[in-house]
Structures are given as C-alpha cells and as structure tokens.
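Here is how the chains run, residue by residue.
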Amino acid sequence: VPASNCLTSPNLVILFTECLKPQGKMVENSSLPLPERAIYGFALFLSSQFGFILYLMWAFIPESWLNYLVTGYVLLFGINMSTSPLNSIHTITDSYAQNQQQKKYQEEAIPALRDIPISEVNQMFFLATKELQLRAKLKN
Amino acid sequence: MEEERSFSDICGGRLALQRRYYSPSCREFCLSCPRLSLRSLTAVTCTVWLAAYGLFTLCENSMILSAAIFITLLGLLGYLHFVKIDQETLLIIDSLGIQMTSSYASGKESTTFIEMGKVKDVVINEAIYMQKVIYYLCILLKDPVEPHGISQVVPVFQSSKPRLDCLIEVYRSCQEILAHQKTTSTSP
C-alpha cells in the first residue's frame, strides 16, 4: 500500500506543476525530481493521509461522541484564551522566583542557576547592544 | 526639541511616535493610532443594516429597521467615546513621576499619574496576548513591604500596542531618566 501511494503522489505533483506553468514560457518542462517537488509531494501525501484518517473517524465514530469532540475543541479554544492578563504580576515573577536563595559566587566555576530579575534582563538585551554597536562603529 | 518617527503596531498598522525632549529630566512620548477608517465604518454599518433587513423580511415588523438605525448611531457614539483611543502619551518627569494620558476619538482624555517614589523600573515584558506573544512596555511599582519586590505591573500603550523597535526607543529614554533620578536621589 505505501508503494502505490508513492507512485501516485509524484504523478499528481507533476500534473499540478505542469498546469501551473505559464503558457508560452519554455522554463523547465522536464519531470526531474527537484527539492521543491519533493516537498510538495510530501505535503500532499501528509494532507491526503490526514484527510483519509478524518474520513474514517467520521464514518466509524458514533454520532454522540463526535458532538462531544466538537464541544471539547471549543472549550480548549476558550481555555487557550484565558492566559494571564498583561497587567498581572504572574508575567514577571512567581513564588518560586521570589523565594530563591542566592548562592555564593565562586571564581572559575559556572554560576548557579537562578531566575534573573526582569530589570537585569532588559538592561542586557536593550541597553548593552547600543554600546556594542557604538564600539563597533568607532572601531570601523 | 521635537522628533517624529513612524513605526508599526503588532497588527501591521501605522503608528506615529512623537518624542519631545523638554529638558534632560523631562521627556514626553506621544503615540498616535490611525483614525477610524471610512471603509470599516461603512462595512459595519452595511452588515448591521443588512442583518436588520433580513430580520425585517422574516418578522414583517418595521420597528426593526428604525431600531437598527438607532443601534448603529448609539454604537458609533459609544465606540468613539469609550473604545477608540486616538493618542496615547507618556510623560516622564525626573523626581516627580510618570503620567499616562489616553485621548479618545470623541475628545475625552483619561489621565493616570504615578509618583516617582512608587516606581521601581520601566521594563519591556513579553506575554501571551490572544494567539500571539507580544512585547509591551510596563511600569513596575515598588512593594512597600519588601524592598526588592514588585507589587504591581502597569502596562503602557495598551491600545496602540507598538512593536519592539518603538518600545526600545521609549525604553532607552526612560532608562536614561531613571538612571539620572537614581544618582540624584542617592546623593544627599
């Protein structure tokens, strides 16, 4: 069964690309295996398999269970919408980060793992790059 | 000294940032959102009136059409007065505080002031908003109980939602003023 799928999908892809080419333009008319065609073929293969699985599920699962799946999907969508609001303190820190202990800094050792406060992170990301860019410009 | 630059918001719409440097210790950032477009207004009006006409053909009650006109007018006025923000301003004055002003399309202005003693820092934070992860500028307020704690997070530029390049500009200017304020406050 996999062999027959591999035989049909490249042919479909070739037909598809042949139809899409503009008329009167003698660009590659050959049916050489190209990387883009391989990707198109794989995408088509995946989507056709997915469609087939969906069709089998629709055919065999009882009606009531399908309704439950639909409501479950809607609930999942609603739960995804209920992430922390932008003004909540949970976007910055939490109880574990506030109660972490400061380990003593040892020379020549990898620093201990800790939650870096957001002010430090911001300074490293957004303030330091300007100095680096200025230094690079002065060197050049 | 006044400077105006054009940025974009998280949805790709155009924003105009106006920076005013009144003095080394006082700066103002003014973000202007695009105005209510005629296209979206006509689209909403047409959909509401078509839906009302559809209901009218079902119910044969002419009150529905006048109700639809009424609802459209009231909805537009309410939207302009309560929802549509045209301009958001952030005024930061060293040693005094930070003031945020939102001007609505109907002319209403709402202002919030935070005194500098309560401000811990101004940072760019990332959070999940709807189906995206966005950067937004927020003011962290000090916790009176704990010296290094944060009591509250106040997001800024909530309705214009600029992208990171605009936020970095505002962040750097604010950090200059806050650093200046820290050095002057620690020195007796």
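Residues numbered from 1 in each chain as written. Chains lettered and ligands numbered in written order. Predicted model: local features only at pLDDT ≥ 70, side-chain atom pairs only at ≥ 80, totals over all residues. Heavy atoms only, no water.

A.B. asks: Would you explain the sheet that holds strand β8 (residues 132–142) of chain B in this entry?
C.D. replies: The strands that make up a sheet are held in pairs by hydrogen bonds between backbone atoms, and each pair lies either parallel or antiparallel. All names here are of chain B. Across the sheet, which stays open at both edges, the three strands sit in the order β7-β8-β9 with antiparallel pairing between neighbours. The open sheet terminates on both sides in strands that have one partner only, identified here as β7 (119–129) and β9 (150–155). Recorded for the sheet is a direction-independent mean angle of 35 degrees between the axes of neighbouring strands. Note that β7 and β8 share 10 bridges and pair antiparallel. Residue pairing across strands places V119 opposite L141, the latter belonging to β8. (Pairing = 2+ DSSP bridges. Helix = DSSP H or I, 4+ residues; strand = E, 2+ residues; numbered from the N terminus. Axes fitted to C-alpha atoms, helices over the stretch in contact; angles between N-to-C directions.)

A.B. asks: Would you mind showing me how to read the nonpolar core here?
C.D. replies: Counting 30 residues, the largest nonpolar core has B:F29, B:L90, B:I98, B:L137, B:I139 and B:V170 as its most contacted members. Elements with a contribution of two residues or more to this core: β2 (14–23), β3 (26–32), β4 (85–93), β5 (97–104), β7, β8 and α3 (164–186) of chain B. With eight residues, the single largest contributor to this core is α3(B). Those residues in contact with B:V170 that lie beyond four places of it in its chain are B:L17, B:F29, B:L90, B:L137 and B:F157. Of all hydrophobic cores here, the second largest spans 12 residues; its members include A:I92, A:I118, B:I10 and B:I134. (Core = buried A, V, L, I, M, F, W, Y, C linked by side-chain atoms within 4.5 Å. Buried < 20%, exposed > 50% of the residue type's maximum accessible area, 1.4 Å probe, protein only. Contact = heavy atoms within 4.5 Å.)

A.B. asks: Looking at this structure, how should I read the interface of chain B and chain A?
C.D. replies: One frequently used descriptor of interface size is the decrease in accessible area upon assembly of the parts. Taken together, the contact pairs 21 residues of chain B with 17 residues of chain A. Note on chain B versus chain A: buried area summed over both sides is about 1800 Å², and carbon and sulfur give 63% of it. Interface area lost by chain B to chain A is led by B:V153, B:Y171 and B:R172, which between them contribute 28%. Run the count over chain B and chain A and you get zero salt bridges. Here chain B and chain A share six residue pairs in polar contact (both at pLDDT 80 or more) between them. Contributions of two or more residues to the side of chain B that touches chain A are made by β7, β8, β9 and α3 of chain B. Among the elements that take part in the side of chain B that touches chain A, β7(B) stands out by supplying seven residues, more than any other. When its residues are assigned to classes, the side of chain B that touches chain A shows 15 nonpolar, three polar and three charged. (Buried area = accessible area lost by both parts, 1.4 Å probe. Salt bridge = Lys/Arg side-chain N within 4 Å of Asp/Glu carboxyl O. Polar contact = N/O pair within 3.5 Å; in protein donor to acceptor, adjacent residues only side chain to side chain. Nonpolar A, V, L, I, M, F, W, Y, C, P; charged D, E, K, R; others polar.)

A.B. asks: I tried to follow the packing of aromatic side chains on my own but got confused; where do I start?
C.D. replies: The tally for this structure, following the rule as stated, stands at five aromatic pairs over all chains. Both rings, one in A:F125 and one in A:F126, keep their centres 6.0 Å apart while their planes meet at 55 degrees; by these two values the pair is tilted. Ring plane angle 75 degrees and centroid distance 5.7 Å describe the contact between A:F126 and B:Y171, whose orientation is recorded as edge-to-face. One end of the pair, A:F126, is in helix α5 (residues 118–139); the other, B:Y171, is in helix α3, on a second chain. Assigned by exposure class, A:F126 and B:Y171 land together as buried. Sitting over the ring of B:Y21, B:R27 keeps its end group 4.5 Å from the ring centre. Just above the ring of B:Y129 sits the side chain of B:K161; from NZ or CZ to the centre is 4.3 Å. (Phe/Tyr/Trp six-rings, centres within 6.5 Å; stacked < 30°, edge-to-face > 60°. Lys NZ or Arg CZ within 6 Å of the ring centre and 35° of its normal.)

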